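Observations on the model geometry
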Amino acid sequence: MLMVSRAPTRVRAVRALILLAFVVASSALVFGAPSHEAVAKGERPSSVTFRYHDFGAGSPASVVLTSGQTLSKSSVADGETFTVSGGPSGKGLGTTVGFTINGYQIKVHTSCSAPIAIGYVFDDAVEKPAPDAPSIEAYGSGRGNPAAVELTDMDPANACAEGSVVVSCPPGSSALTVSGNNSGTYSQGSFSVQVTFGGKSNKKQVSFSNANQDVVRLIAAYKSDKSSTYNFNPPVRSGSGFTAADDKDIKTTTICFQPPTPTPTPTPTPTPTPTPTLPPCPDGSTMPPSGVCPTPTPTPTPTPQDLRCPVNYSRLAIQGTTSGTYGDGTLSVQVTYSGNTLVAFNSSLGIRELLVAGNSGVNRYQFDPALTSGSNFNAPNNASITQTVFCYKVPKATPTPTIPHCPDGSTMPPGGVCPTPTPTPTPTPTPTCPGGQHTPDPNGGCPTPTPTPNLRTCLWTNSGKSMVEVHSSSLGSLSTTGNGTFGDGTLSVHISSFNGLTFSWSSNIGVDSVFVRTSGGGQEYTYSPEAKGDTNLGAGAPITNLTFCYDVDPVATGTPKVTPPPTAMLFGEGESGGLSGLMLALVTIAAAAAGLVTLSARRRLQPVGGSASVGSAWSTQSIRRSGG
């Protein structure tokens, strides 16, 4: 109870006013006064604040007033706010607030002739939104117009309120609704607050305190569509003295709350670890962190299109540039290509030579000792890789230890010393000429042998098989066109990319062997299993004859025959010399001719697809090339 001493009436009135002012001021200090107070309905606002949304435009927009008010800023980015206020007279805004933003004309009626409330959205197409105007979220989906503003604040907050506007909580906040006017502690989820009603009959005013989260807005309503709105910026956790519109009894109180913005935890700055100094590699480059210098790529030796491996070495060829794992039953190689480069290979056996072929030749990389991995290999002139060949040697089996013997075949005695054999006199050899067919004349001279023509074909190592032959008379036409098709009615072979030294081929059935003959020797390519094509075949010299051997496979019965992997056999000029070589050639030709007589009724050499003249498989007549 407030005790007042005797004093003149005027003095008591002044003291009462001072005390009332003190109480009001203390209440404002303790609870925090709202940013705007409720006013009588129908009063137009003196200022309006908008938040700009660009819906992904991504650049600041300029704001230009088209009406006579005052603008707080002339450029805004997405999410920023700007305020339009009245003139210095303070009489409030005019009937319309108009401005251009991002090139779009926007008008907002502030004459109270149309509903206006916090939370409304305006753009160039919405001038008088209905009470259920969509939220800003509704504009963000599929919107083509990158300019819209959301009314976020007014002074006063319920300006133009005619009992037809219902204000909701702002975006990002949640609502706790108290029905009636019973004081107590209320909660919504994790939010709790103490609500107290006061004033006449404890129904005219509402206060709140002890909120455990930030409060950004309070709406006091005496009907569902008649309310006063109080905004708090910055947010508060207590406040008092809030009334409904027209000072009516409060029926519903809505408290809008939101969790406080957490203080970000600073990320500790890591202490940099000093980088150790590594010695340089032998090629002068910096050593990698692993401490292992890369194996240098040897300088390749460009050669013509010769894809043969050294003598006694096996060959694994890969066509094209498809990365993967390849093998021939003995060697397994994993390759990685990128563009025109063999980036890396890893093999199960040591690689002695690596041949990388392109359109302009072959780069031959030689490794001594042999390597099981390498990187960065190219064809000459960095051309597209057409074929990659790995040359390796099949490891020899570990020999079974044997009991030592003496030179005469007897078992070595326990002492390890063999008895000395009785020497046998060596007869003096009778001098002969090469081939053993002549004796030198008294002056030591031998007759000059007559060269034997090279007649070798694939039948020399494939007796009993059938053969299609391309004679030298047909090679002239192939050298001109580069392509031709030949066959005997069963096998059809298409030759392509023929340039006199190398060629590629494909066939309709499997081929067992291809022999590429030159004037002084040749190169034989064998295939197991049978192949229907190959590329870049040659013998290192101009080609004089081509033969393809095949057989028609019978129906498989019993245990299949195991055929050795494909090998390449090189024949030199020495193979064709001497009486024994001539006799072997004549015997083989006679056997082949006998077989051809039997097969001549059904197999003739002719270009496929045409009606060329017909001859036997050994015919030397000109071959008419088909259109393929």
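First, a word on scope: everything that follows refers to the structure included in this document. On a predicted model such as this, the values are computed, not experimentally measured, just so you know.

**Some thoughts on the state of the cysteines**
- The tally for this structure, following the rule as stated, stands at five disulfides.
- Covalently, Cys-169 is tied to Cys-256 through a disulfide, its sulfur atoms 1.9 Å apart. Sign of the S-S torsion, about -85 degrees for the bond between Cys-169 and Cys-256, identifies this disulfide as left-handed. Here Cys-169, found in the loop between strand 9 (148-155) and strand 10 (174-179), pairs with Cys-256, found in strand 17 (residues 252-258); they are 87 residues apart in sequence, far enough to count as distant.
- Between the sulfur atoms of Cys-309 and its disulfide mate Cys-391 the distance is 2.0 Å. With the S-S dihedral at roughly -80 degrees, the linkage between Cys-309 and Cys-391 falls on the left-handed side. A residue pair is termed long-range when its members are at least 10 positions apart, and Cys-309 in the loop between strand 18 (301-303) and strand 19 (314-319) and Cys-391 in strand 24 (residues 387-392) qualify at 82 residues.

**Some details on helix 3 (residues 472-481)**
- All of the buried residues in helix 3 are Ser-474, Leu-475 and Leu-478. Viewed end-on, helix 3 has its buried residues packed into an arc of 105 degrees, placing them on one side of the element.
- Residues of helix 3 that are buried make contact with strand 25 (466-470), strand 26 (484-487), strand 27 (492-496) and strand 30 (545-550).
- Immediately beyond the C-terminal end of helix 3, within one or two residues, lies Gly-482, with a positive phi of roughly 85 degrees.

**A few points about the side chain of Asn-231**
- Considering the arrangement of structural elements, one finds Asn-231 in strand 15 (residues 226-236).
- Among the polar contacts listed, one links the side chain of Asn-231 to the side chain of Arg-217, at a separation of 2.6 Å.

**Considering the sheet that holds strand 10**
- Within the open sheet, the four strands sit side by side as 10-17-14-15. Their pairing is antiparallel. Both outer strands of the open sheet, strand 10 and strand 15, are each paired with one neighbouring strand and no more. Put simply, the sheet's adjacent strands are angled 15 degrees from each other on average, direction ignored.
- Where strand 14 (residues 214-223) and strand 15 come together, seven bridges link them in antiparallel fashion. Following the sheet pairing, Arg-217 is matched in strand 15 by Asn-231.

**Digging into the pattern of salt bridges**
- Counted according to the given criterion, the structure contains seven salt bridges.
- We note a salt bridge from Asp-214 to Arg-237, for which the minimum N-O separation is 3.1 Å. With a gap of 23 residues between them, Asp-214 in strand 14 and Arg-237 in the loop between strand 15 and strand 16 (239-243) connect regions that are remote in the sequence.
- One salt bridge connects Lys-465 with Asp-512, and the closest N-O pair in it is separated by 3.8 Å. Of this pair, Lys-465 sits in the loop between strand 24 and strand 25 while Asp-512 sits in strand 28 (residues 502-517); the two residues are 47 residues apart in sequence, bridging distant segments of the chain.
- The class for Asp-512 is buried, based on a relative accessible area of 12%.
- Several salt bridges converge on common partners, so that one network encompasses Lys-465, Asp-512 and Asp-551.

**Quick word on the environment of Val-121**
- Assignment of secondary structure puts Val-121 in strand 8 (residues 121-122).
- With 31 residues separating them along the chain, Val-121 and Thr-152 place their C-alpha atoms 9.3 Å apart.

**A few points about the nonpolar core**
- In this structure, Ile-495, Phe-503, Trp-505, Val-514, Leu-546 and Phe-548 are the most contacted members of the largest nonpolar core, which totals 23 residues.
- When contributions to this core are tallied by element, the ones reaching two or more residues are strand 25, helix 3, strand 27, strand 28, strand 29 (522-538) and strand 30.
- Those residues in contact with Ile-495 that sit more than four places away from it in its chain are Val-470, Leu-478, Gly-482, Asn-483, Gly-484, Phe-486, Phe-503, Ser-504, Leu-546 and Phe-548.

**Things to note about unusual backbone geometry**
- In this chain, Asp-368 is followed by Pro-369 through a cis amide linkage whose omega measures 10 degrees.
- Turning to its location among the elements, Pro-369 is positioned in strand 23 (residues 361-377).
- Cis geometry is found at the peptide bond from Ser-528 to Pro-529, where omega equals 5 degrees.
- Of note, Pro-529 is situated in strand 29.
- Its identity as a non-glycine residue notwithstanding, Asn-312 has a phi of 75 degrees, on the positive side.
- Checked against the element boundaries, Asn-312 lands in the loop between strand 18 and strand 19.
- Within the chain, Asn-382 stands out as a residue other than glycine whose phi angle is a positive 55 degrees.

The rules behind these values
- Residues numbered from 1 in each chain as written.
- Predicted model: local features only at pLDDT ≥ 70, side-chain atom pairs only at ≥ 80, totals over all residues.
- Heavy atoms only, no water.
- Disulfide = S-S within 2.5 Å.
- Helix = DSSP H or I, 4+ residues; strand = E, 2+ residues; numbered from the N terminus.
- Buried < 20%, exposed > 50% of the residue type's maximum accessible area, 1.4 Å probe, protein only.
- Arc of directions from axis to C-beta.
- Contact = heavy atoms within 4.5 Å.
- Polar contact = N/O pair within 3.5 Å; in protein donor to acceptor, adjacent residues only side chain to side chain.
- Pairing = 2+ DSSP bridges.
- Axes fitted to C-alpha atoms, helices over the stretch in contact; angles between N-to-C directions.
- Salt bridge = Lys/Arg side-chain N within 4 Å of Asp/Glu carboxyl O.
- Core = buried A, V, L, I, M, F, W, Y, C linked by side-chain atoms within 4.5 Å.

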